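# A structural walkthrough
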Amino acid sequence: MCLFLVLLCGRAGAMSAQSAVVIDADTGEVRYEHNADAVLPMASTTKIMTAIVAIEQGDIDRTYTVKPEYTQTEGSSMYLKPGETVSIRDTLYGLMLMSGNDAALAIAGECGGQEAFVQAMNDKAETLGLTNTHFENPNGLDRETHHTTARELAELTAYALQNADFREIVSTKNITCAGRTMVNHNKMLSLYEGAIGVKTGYTKKCGRCLVSAAERNGRTLIAVTLNDPDDWNDHCTMLDEAFAQYTPVTLHEAGDTVGEVTVEGGTAQSVPLIAGHEVTAYLAPGEQVTDSLRGRPFVYATVAGGDYYGEIVYQIGEHILKTDTLSYAYDVEQLPPRKGILERCLDFVRGLFD
């Protein structure tokens, strides 16, 4: 905790951004914040919501014909051409890698129409509890009531990264599709070890905006800055300092006994369960890990030592942190069959003459 406070205070003085935050993507815990609840414009980081709303509508491999109105927009572009046939998936790459404003219009147009799609974006924000986030368009061009906060943008990104299609798209450095070679504008993918996305943004009004995510040692962090003239450096520093808050903790060693299971019909009433591997997790100060066993509530004899039983699962809240395989510690033989009444009576009679 002392380390966290030192890092927090140290970054506040050096921060170039008007607003910034770093959160743990899996637990939602804040690892750094600076003016994180200021309501500000977000530029093309808007497209995080555009992408996840489109993906969740489904069938992103369907194709459409580009309408002239999709190409009639200012700013960055994936250079759609009226009349060409493109898939929604390829348009999503153009949206997130090239930050195409034309791609945003095309996605909105083909996913319900501009007005309905923007309403769907705002509905999604409401569902996620993003009370200070509001959208006026799908591309992030300046509008008076088009805004968010660094904290809410990080929370949205944590949600979006749970989607495999979204995660794959935003982590792609370059791709050739739809007859184009697209290079991701997000330099963090090359600058920062473990970076997996997510989105850049800029307008004169908004300044430089950046959402980045990175994975190290099984933990995923999301950093957000709004109106930051030195965003690449700030993100590298914020992420480094946030990852430094996690330290390795051994949850169990290979071969440790971590539980037991009841045995029915065996020479022993239960058998210990043995962990298959050493399990180490990286934990931040104050994080509480719980564990549970996944397997049958009881087993029938015969049990063979070393055979697979199930898993031990370690969690922080609802987030699964680590798992490991479990096996039976030793053999448990089946009890001999119980004799019937007649056989027991005969044994009694024989005993009288022995």
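This text gives an overview of the structure that appears in the document. Owing to the predicted nature of the structure, the values given are computational and were not obtained by experimental measurement. Position numbers for residues start from 1 in each chain and track the written sequence from start to end. Totals for whole chains, interfaces and linings use every residue, but because this is a predicted model, local features are given only for residues with pLDDT of at least 70 and side-chain atom pairs only at 80 or more, for both listing and counting. Side-chain measures here rest on the full set of heavy atoms in the structure, leaving out hydrogens and waters.

## Here's the deal with the overall build of the protein chain
In terms of regular secondary structure, the protein chain is built from 10 helices and 17 strands. Against the compact-globule benchmark of 20 Å for 354 residues, the protein chain has a radius of gyration of 28 Å, which places it well outside the compact range. Each of the three principal axes of the protein chain carries a C-alpha extent, and together these read 110 × 55 × 35 Å. Only protein chains enter the area calculation, which uses a 1.4 Å probe; residues under 20% of their type maximum are buried, those over 50% are exposed, and those in between are partly exposed. Split into buried and exposed, the 354 residues of the protein chain put 48% on the buried side. Here a residue-residue contact requires only that any non-hydrogen atoms of the pair lie within 4.5 Å. Restricting to contacts in the protein chain with at least 6 residues of sequence separation, those with at least 24 account for 63%. As displayed, the protein chain has an accessible area near 16,800 Å², and 50% of this comes from carbon and sulfur atoms. Within the protein chain, one finds 27 positive and 48 negative side-chain charges whose respective centroids are separated by 4 Å. Secondary structure counts use DSSP, requiring at least four H or I residues in a row for a helix and at least two E residues in a row for a strand, with both numbered from the N terminus. Computation of the radius of gyration draws on C-alpha atoms, with the globule rule given as 2.2 Å multiplied by the number of residues to the power 0.38. Note that accessible areas follow from Shrake-Rupley with a 1.4 Å probe, and for residues the cover is restricted to the protein chains shown. Positive charges come from Lys and Arg, negative ones from Asp and Glu, while His and the chain ends are left out of the count. One atom stands in for each charge, and that atom is NZ of Lys, CZ of Arg, CG of Asp or CD of Glu.

## Observations regarding the nonpolar core
Nonpolar cores were defined as sets of buried Ala, Val, Leu, Ile, Met, Phe, Trp, Tyr and Cys residues, with membership established by side-chain atoms within 4.5 Å. Residues I48, L92, M96, F166, I222 and V224 are the most contacted members of the largest nonpolar core, which totals 62 residues. Residue contributions to this core peak at 7 residues, all from helix α2 (residues 47-57). If near-sequence neighbours (up to four positions away) are discounted, M96 is found in contact with K47, I48, A51, F166, I169, V170, N184, V198 and K199. Within the second largest apolar cluster, 21 residues are counted, among which are M188, W232, F243 and Y246.

## So, the packing of aromatic side chains
The pairing test for Phe, Tyr and Trp rings, Trp by its six-membered ring, is centres within 6.5 Å, and the orientation test on the planes gives stacked under 30 degrees, edge-to-face over 60, and tilted for anything in between. Per the stated rule, a full pass over the model turns up 3 aromatic pairs. Both rings, one in F298 and one in Y300, keep their centres 5.4 Å apart while their planes meet at 85 degrees; by these two values the pair is edge-to-face. With relative accessibility at 35%, the residue F298 sits in the partly exposed group.

## Quick notes on the sheet that holds strand β11 (residues 257-264)
The rule for pairing is simple: two strands pair if DSSP sees at least two bridges between them. Strand order across the open sheet formed by 6 strands is β14-β16-β17-β12-β11-β15, with mixed pairing between neighbours. Where the open sheet ends on each side, the last strands, each with one partner, are β14 (290-294) and β15 (298-300). Sheet twist, expressed as the average angle between the axes of neighbouring strands with direction ignored, equals 40 degrees. Sheet topology places β11 next to strand β12 (residues 270-275); 5 bridges connect them, and they run antiparallel. Residue pairing across strands places V261 opposite V271, the latter belonging to β12. Geometry is summarised by axes, namely lines fitted to C-alpha atoms with helices restricted to the contacting stretch, and by angles between N-to-C directions that run from 0 to 180 degrees.

## As for the pairing of strand β8 (residues 207-216)
The element β8 is extensively covered by neighbouring structure, given that 7 of its 10 residues are classed as buried. Relative to β8, strand β7 (residues 195-203) runs antiparallel, the two being bridged by 8 bridges. Bridging across to β8, T203 finds its partner in G207. A loop of 3 residues connects β7 with β8, the two strands running antiparallel in sequence. Note that β8 and strand β9 (residues 219-226) share 7 bridges and pair antiparallel.

## Section: the sheet that holds strand β1 (residues 19-24)
With respect to topology, 5 strands assemble into an open sheet ordered β2-β1-β9-β8-β7, the strand pairing being antiparallel. Because the sheet does not close on itself, it has two edges, and the strands there are β2 (30-34) and β7. Here the strands of the sheet are splayed against their neighbours by 5 degrees on average, with no regard to which way each runs. Relative to β2, β1 runs antiparallel, the two being bridged by 4 bridges. Residue pairing in the sheet places I23 in a bridge with V30 of β2. Lying over the sheet, helix α9 (residues 231-243) contacts β1, β2, β7, β8 and β9, oriented at roughly 35 degrees with respect to β8.

## A word on helix α4 (residues 101-110)
Since the α-helix packs 3.6 residues into each turn, any two residues three or four apart lie on the same face. In terms of residue burial, α4 counts as a mostly covered element, since 8 of its 10 residues are buried. Of all the residues in α4, the buried ones are N101, D102, A103, A104, L105, A106, I107 and A108. Of the surrounding elements, those touching the buried residues of α4 are α2, β3 (63-65), α3 (88-96) and α5 (114-127).

## Structural notes on the packing of α2 against α5
One can describe the packing of α2 onto α5 by two numbers: an axis separation of 10 Å at closest approach and a directional angle of 100 degrees. Considering the angle they form, α2 stands roughly perpendicular to α5. Every residue of α5 that contacts α2 at M49, T50, V53, A54, E56 and Q57 is listed here: F117, A120, M121, K124 and A125. We call two directions roughly parallel when the angle between them is under 35 degrees, roughly antiparallel when it is over 145, roughly perpendicular when it lies between 65 and 115, and oblique otherwise.

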